[in-house]
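Residue-level structure breakdown
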Amino acid sequence: HVQHTADAFAQFDWAVTEKFNVISAVRYDFYSLSKLHHISPKLGLMYKFNKVSLRASYADGFRAPTLKEMYMSFDMANIFMIYGNPDLKPETSHNFNVAVEYTKSYYNLTVMGFYNMVSNRITTVWNKALNGMVYDNMSPLTISGLDCSASAHWDCGFKVRVSYVYTNVDYHRGGLRVSSTRPHMATARLEYGKKWSNYGFNLALTGRVLSPVTCDEYTSLTDLTQTQRVTYPGYTLWKLTLLQQIWRGIDVSAAVDNIFNYVPEYYYSNSPATTGTTFSVGLSVDVDKFF
């Protein structure tokens, strides 16, 4: 199978006033094999006053099925086959974002809300007739949430940043919860650094916290009525890193990853692959900077 694609993109930026800016764009896609074409618009607005920036945007998303997803059949390590589906529909989405940003001297605060509607997302499902997996289109789903972040830095060398994301995936298949997306996630970074003529260092502590999630999982590839409800526990991971610039072109680094020695009770697709606390030391030499 052979497919030719053609794409065209145009963007227009308009500074209506010193405080109000508009960005508009449009993209055209054409795929010869399925005689498929699509026009994707995008619009972004920004208004500034005092220390506050207001933003709003809309974007139309589009992805055509690939030749692999439509026609390729391949063996998954002699476990099962995955078959293409020439009747696949393209993925489409409507993405909305609104945000408020406040910046003053050393401080920044951003709050963003998002709402995405996705149709015909391409995935794989079990096909009894073929006795294998086949590419297919999912039912419509919506992804919405809130993204908040705050950061600060001071002349003395201290920097701090914290963020929180709430994500809600509204998708149920036959009354089942099939999404394993964790609804709550938070990250933090605290660092301190100084630099002199021939020496400098940066000490950083980073971490993330993820909430538990409950979902329904299939226990059989051949019988889609067999499911079990599973709760994946929440966890937190922290890392401490020290980077030292010893001399021109010579950097020495040391890191302690997973400081609190978190190890999952069992490993699964939604768990970290860590086996506990790890230590590392590195040396970087840049000969060009010697001269």
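The structure reproduced in this document is the subject of the present report. (Residues numbered from 1 in each chain as written. Predicted model: local features only at pLDDT ≥ 70, side-chain atom pairs only at ≥ 80, totals over all residues. Heavy atoms only, no water.)

1. As for the sheet that holds strand β6 (residues 80-83)
The strands that make up a sheet are held in pairs by hydrogen bonds between backbone atoms, and each pair lies either parallel or antiparallel. Quick reminder of the rule: One requirement defines pairing of two strands: DSSP has to find at least two bridges between them. Each helix is a run of DSSP H or I of at least 4 residues and each strand a run of E of at least 2, with the numbering of both proceeding from the N terminus. Axis lines are fitted through C-alpha atoms, for helices just across the contact stretch, and the angle between N-to-C directions can take any value from 0 to 180 degrees.
Ordered by their spatial adjacency, four strands build an open sheet running β5-β6-β10-β9, and the pairing between neighbours is mixed. Here the strands that pair on one side only, and so sit at the sheet edges, are β5 (74-76) and β9 (122-127). Neighbouring strand axes in the sheet, compared pairwise and without regard to direction, differ in orientation by 35 degrees on average. Summarising the sheet, β6 and strand β10 (residues 132-137) pair through two bridges and their orientation is parallel.

2. Some words on the side chain of serine 211
Quick reminder of the rule: Think of it in three bands: residues with accessible area under 20% of the maximum for their type are buried, residues over 50% are exposed, and the middle band is partly exposed, with areas taken using a 1.4 Å probe on protein chains only.
Mapped onto the fold, serine 211 is located in the loop between β16 (200-210) and β17 (213-218). Its relative accessible area of 12% is what places serine 211 among the buried residues.

3. So, empty space enclosed by the protein
In this approach a probe as big as a water molecule rolls over the atoms, and the regions it shows empty are the leftover space. Inclusion rule: Of the grid points, spaced at 1 Å and generated over the protein atoms alone, those admitting a 1.4 Å probe that cannot get out make up cavities, while open sets with protein on both sides within 12 Å along at least five of seven lines make up pockets; any residue with an atom within 4 Å of a point is treated as lining. Grid points are joined across faces, edges and corners, and a volume is the space filled by probe spheres set on the points. Three classes are used, and their members are as follows: Ala, Val, Leu, Ile, Met, Phe, Trp, Tyr, Cys and Pro are nonpolar, Asp, Glu, Lys and Arg are charged, and the others, Gly among them, are polar.
Applying the stated criterion to the full structure yields one cavity of 30 Å³ or more. Here the largest cavity defines a volume of roughly 30 Å³. In terms of lining, the largest cavity is formed by Gln3, Tyr31, Ser34, Leu36, Ala64, Pro65 and Met70. Its residues assigned to classes, the lining of the largest cavity comprises five nonpolar, two polar and no charged.

4. Comments concerning the environment of proline 86
Basically, it comes down to this: Residues are treated as being in contact if the distance between any of their heavy atoms lies within 4.5 Å.
By the element assignment, proline 86 lies in the loop between β6 and β7 (91-104). Proline 86 gets classed as partly exposed once you look at its relative accessible area, which sits at 48%. Along the backbone, proline 86 and methionine 72 are 14 residues apart, and their C-alpha atoms lie at a distance of 9.7 Å. Those residues in contact with proline 86, other than ones at most four positions away along the chain, are Met70 and Tyr71.

5. Digging into the nonpolar core
Test applied: Nine residue types can take part in a nonpolar core, namely buried Ala, Val, Leu, Ile, Met, Phe, Trp, Tyr and Cys, and a core is a set of them joined through side-chain atoms within 4.5 Å.
In terms of nonpolar packing, the biggest core is built from seven residues, these being Phe74, Ile82, Leu88, Ile122, Trp126, Met133 and Tyr135. Those elements giving two or more residues to this core turn out to be β9 and β10. Excluding its chain neighbours within four sequence positions, the residues that come into contact with tyrosine 135 are Lys68, Glu69, Phe74, Ile82, Tyr83, Gly84, Asn85, Leu88, Ile122, Thr123 and Thr124. Core analysis: the next-biggest nonpolar cluster, separate from the first, contains five residues, Val213, Cys215, Tyr232 and Tyr268 among them.

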